Structures are given as C-alpha cells and as structure tokens.
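# Results of the structural survey
If you want the building blocks of each chain, they are given just below.
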Amino acid sequence: MLYRCMMVFAVGLLITVGSFAADTRFMGMGNLAFLFQDDYHRLDLYDFAGISSGFFRNDTVSFTGLRGSVLREEWERDSVVYWAIGQALPEKLQEYAPIEALGYYEFIPTFQTIPWELIYISRRTEAGYDYFGGELSRQSWGFWGGYSRLSRTFDEETESIGTPSLNLIYARPFSDRFDFGVAFDAFYGSYSSPGGTYGASLVPLGGGAGVSYSDAKFDVGINTEYHYLNFSFEYPSGTEESFSGHALSPVLGWVLRMAGLTWANALNYRWVNLVGSYDGNDLGDLELIGYSAKTQLLYAMKTFRAALFGSAYQQSPVYTDATGNVDFETEYMNYLFGGGVGVTHGPALIGVEGFVQRIRTDDRVMEETIRSSDWGVKVGLEIKPIRQIALRGGFNYLTVDPNVDMEDDISKTNTITCGFGFNATGRTRFDIGYNYKQTETDLYPDERIKDHVVFIYLKHLITESGE
C-alpha cells in the first residue's frame, strides 16, 4: 500500500495560481499571471477557455519550437530529493484522476513546470493557391510531442514516473465569423517503485471538438471533450488491479473587448465514471462530478494596465465498493481571487500582483471538514537595454496554511526569479528563466525546502500571416 500511495500519479489539490499554461518569459519576471499577454497567455477562447475552435484566431504565424524545464527540490531535514524533468503530471491527469478516492493518494507536489515538448504550428489565415492553381483554404493545425519524468529519492531508494505525451489540434473557419476545431491528446504514465517491486500505468486517450463565433468585439464558443481512462496497478505476485471508464467535459467560454478592456470567462462541467476490478473480481465504482468557473478582466490603456481574476472550483468524487458501501465521499471547493497593476514605459515593463485562495474539504464519510488559506504577492519586471535583448527579474512571497483549524502548520515561501530573452534575425526567439525557492514551515522549524527551476523556450518563425 505504501508504494501505491507514494508516487502513483498522485495530484495535489492546490490549483495553480493563474489561468494559463506556464510561460518561460513570465517565469523569469516574477511568475506574473494576470497583467501581460504572450504566446501562452492570451485572453482568448483557446488559451483561456481551452476551446479547440479558438486555435484558428489564437495567432497569425507558423513556427517550430522547443520548450521545457528542469527542477530539483531538496528537503534538508527529511533528506528527500525530487527531480522533475518537464511536467510528468499532465493537466488532463489533474482534471480526471481522483486518485485519493481509490485509496492511492499521498500528497506529491504538483510543480509549476513546463513539459518538454517539440512543437510545430502551421497557420494560413488568408486563402491562397498552390503551385498547380489549387485553392488553399484558411486553417491552423498544431503538433506537440513530448516526454517528462518525475522522480523522488528517499533513504537511498528512488521511484519515478515517466510520461510520453502527444497533442494534436486542427481548426478552420466555415464562414467569416464561425470556426470549428478538433483536438486529440494522449499520454502514457508509467510508474516504477524501488527495485521494480510495484508498477503502475495510466493511459488516457481522448479528444474534443468545438465551435465558436468571433467578431471585432465579442467571441463565444463551446467545446466538449471525451476521454477513456485506464489505471492499472501491478503487484509482485503478478496480479493486477485496474480502474477504467469514461470522462466527459463540456466548456462554455466568451470574451468581450471594448475601449482597452478585455473580459474573458469560462464555465466548465466535468463527469467521470470508473469501474474497478481485481483479479477478475468487482471492486466497485467511482463517480466524480465537478464544476468550475473563472473570469478575468484586463484593462490596458497607454502605459497603464490593471487586472482582476476570480475562479471557483467544486469537485465531488464518490467511491462505492462492490457491496454498495460508500467508502469515500468528499467534496472539494476552491476559491481564488487575484489581480494586479502594471506599467509599460518604452522598453520597460513592471507589474505587481496579489492573490488570496481558500480551499475547503468536506469528508462525508468521516464527517470532517478541513479549511486551508493561502495568499501571496508577486513583483516582476522586464527591461530591454537594446531591441534584441530582454532582461527579467522578480520576487514572490507565498504563505500557505494547509489547515486553519490547526496551529503551527503555516509555511512561507520566498522565490527569486530572473530571466533572459534574445531575438535573433527577427525570426528566432530564445528565452530562459530561473527560479530559486526556499520554504520554511512552523511545524518543523529546522526544515528547509529548496527549489532550483530552469525554464527554456525556443521559437523559430516559419511564415507570417498570408505567406
């Protein structure tokens, strides 16, 4: 049971602050999440709401790229070392895998890292003709292929997860204002215990489709995803325990733009049903119902900008064994509020952000309630001494109280960030970011948790719009 708990695709319930995928540029400039937009930080239907049809209007260029990250975390008192090469706990796993409800849960940090991925994006925003006079329609498609790995060493024993991944997307308009899109994603998570005593695998396969309407001031879209999930746990005796089933997740998103103000919104529903078996015997069913909503306002006029962000998240997994007994029924609720102000002046950007997060967990079986409270402040800046070079830096302070009903369990984290960006020949961009984090806890005053994280991003433009 210990090995099954320790690394088998466990997911922390703390939602990453922000509404976008991790971005190397902003990781270097204070991990800012609300004030500025970039390759993975656009207030549109694709980046913000995850609607596949929004990919067509997400950008206007074709490019190839490489991105990734490496993290080393060390717990001095407990002599625990984590190595994260990329992001071995993909977002889809965090959305669809309530591992704690099946009894395989132990808190493993969900690091804010970037998966190692090779990227190819092709966009044709204007109709054209090929060499033979055939018409080329407007369309966009993308490919992401990657591999990530997470390992933990404790008492000179190492266990790890390796995760190859694949993502495909295709979007095109079917009129001047209406678009549609389809997407496919898959990864294979493979766990290995020390000495190979225990093994586990997770194979979710799925995809989605969406449609959207866009004009100069308003975008709205809807998307639905389906995934088939299969968890498998292998024992030294050769027997296997597995859970398999289906997940469905529709999302509605809309974006309003007017006079320097952009307002983005997304509403999401999630349903998961898994059936368990052990050596041919029924283990019962797991059902999960979840809801989430998020909204962000960004005002940008001349040199000043301001942002507000809010999200609410509720998820209720229920595990019923083969005899009909409810072994696990827990409701998770998460509320996040944040915002910031920033200034752009010539080649310089500077921003300050803050957030407050509240999490509540209600255990219906044990009749217990746990409340947690977090808050943080971020400061970041970017300066371009010359046009081709950007220098970045920042600082974060985070306080986490994992159980407000207990004393002396508060942790405090200080993070120093820095980064560098270089544009070569007008078509190639290279970014690198570095974070140093140190966490101290009231519960163990002599414990020091130190993180070293490096992020990279390489982007090479192939064509511009209409080429």
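Notes on the structure follow. For clarity, every value in this text was computed on a predicted model and none was experimentally measured.

### Quick word on the packing of aromatic side chains
Each aromatic ring pair is described using two quantities: the centre-to-centre distance and the angle formed by the ring planes. Summed over the entire model, instances satisfying the criterion amount to 13 aromatic pairs. Ring geometry for phenylalanine 174 against phenylalanine 180: centres 6.4 Å apart, planes inclined by 35 degrees, an arrangement best described as tilted. Its relative accessible area of 29% is what places phenylalanine 180 among the partly exposed residues. Ring geometry for tryptophan 375 against tyrosine 397: centres 5.5 Å apart, planes inclined by 55 degrees, an arrangement best described as tilted. With tryptophan 375 in strand E19 (residues 368-386) and tyrosine 397 in strand E20 (residues 389-401), this residue pair connects regions lying 22 residues apart in the sequence. Residue tryptophan 375 is classed as partly exposed on the basis of its relative accessible area of 39%.

### So, the side chain of glutamine 357
Mapped onto the elements of the fold, glutamine 357 is located in strand E18 (residues 348-363). Of the polar contacts made by the side chain of glutamine 357, one reaches the side chain of asparagine 334; its length is 3.1 Å.

### Thoughts on the pairing of strand E6 (residues 139-154)
Here strand E2 (residues 80-85) runs beside E6; their pairing, made up of six bridges, is antiparallel. Along E6, the bridge assignment pairs tryptophan 83 with serine 151. Bridge count for strand E3 (residues 117-124) against E6 is eight bridges, and the pairing is antiparallel. Paired with serine 122 across the strands is tryptophan 141, a residue of E6. Two elements, E6 and strand E7 (residues 157-173), share 15 bridges in a ladder whose sense is antiparallel. Bridge pairing in E7 places serine 140 opposite alanine 171.

### Thoughts on the pattern of salt bridges
Counted according to the given criterion, the structure contains 19 salt bridges. The partner of arginine 67 in a salt bridge is glutamate 117, with the nearest N and O atoms 3.1 Å apart. You can see arginine 67 sitting in strand E1 (residues 62-75) and its partner glutamate 117 sitting in strand E3, a full 50 residues away along the chain. One exposure class covers both arginine 67 and glutamate 117, and it is buried. Glutamate 382 is the partner of arginine 392 in a salt bridge, and the nearest nitrogen-oxygen pair spans 2.6 Å. Pair noted here: arginine 392 is in strand E20 and glutamate 382 is in strand E19, with a separation of ten residues, a long-range link. Accessibility classification places arginine 392 together with glutamate 382 in one group, the buried group. Through salt bridges with shared partners, a single ionic network connects Arg25, Asp38, Asp39, Arg42, Asp59, Glu382, Arg392, Arg429, Asp431 and Lys459.

### Regarding unusual backbone geometry
Its identity as a non-glycine residue notwithstanding, asparagine 31 has a phi of 55 degrees, on the positive side. Structurally, asparagine 31 is set in the loop between helix H2 (24-28) and E1. One non-glycine residue with positive phi stands out, namely alanine 259, at about 45 degrees. Inspection of the secondary structure puts alanine 259 in the loop between strand E13 (240-258) and strand E14 (261-278).

Cut-offs applied
Sequence order as written defines residue numbering, which begins from 1 separately in each chain. Given that the model is predicted, a residue must reach a pLDDT of at least 70 before its local features are reported, and side-chain atom pairs must reach 80 or more before they are shown or counted; all residues, however, enter totals for whole chains, interfaces and linings. The side-chain figures draw on all heavy atoms in the structure; neither hydrogens nor water molecules are used. Within 6.5 Å between ring centres, the rings of Phe, Tyr and Trp (the latter by its six-membered ring) count as paired, and their orientation is classed by plane angle as stacked under 30 degrees, edge-to-face over 60, tilted in between. Accessible area is worked out with a 1.4 Å probe on protein chains only. A residue is then buried under 20% of its type maximum, exposed over 50%, and partly exposed in between. In this description a helix means any DSSP run of H or I spanning at least four residues, a strand means any run of E spanning at least two, and both kinds are numbered starting from the N terminus. Polar contact is defined as a pair of N or O atoms within 3.5 Å, subject to the rule that within protein one atom must be able to donate a hydrogen and the other to accept it, and that residues adjacent in sequence are counted only when both atoms are side-chain atoms. Two strands qualify as a pair provided DSSP detects at least 2 bridges between them. Salt bridges are defined by distance alone: a side-chain nitrogen of Lys or Arg within 4 Å of a carboxyl oxygen of Asp or Glu.

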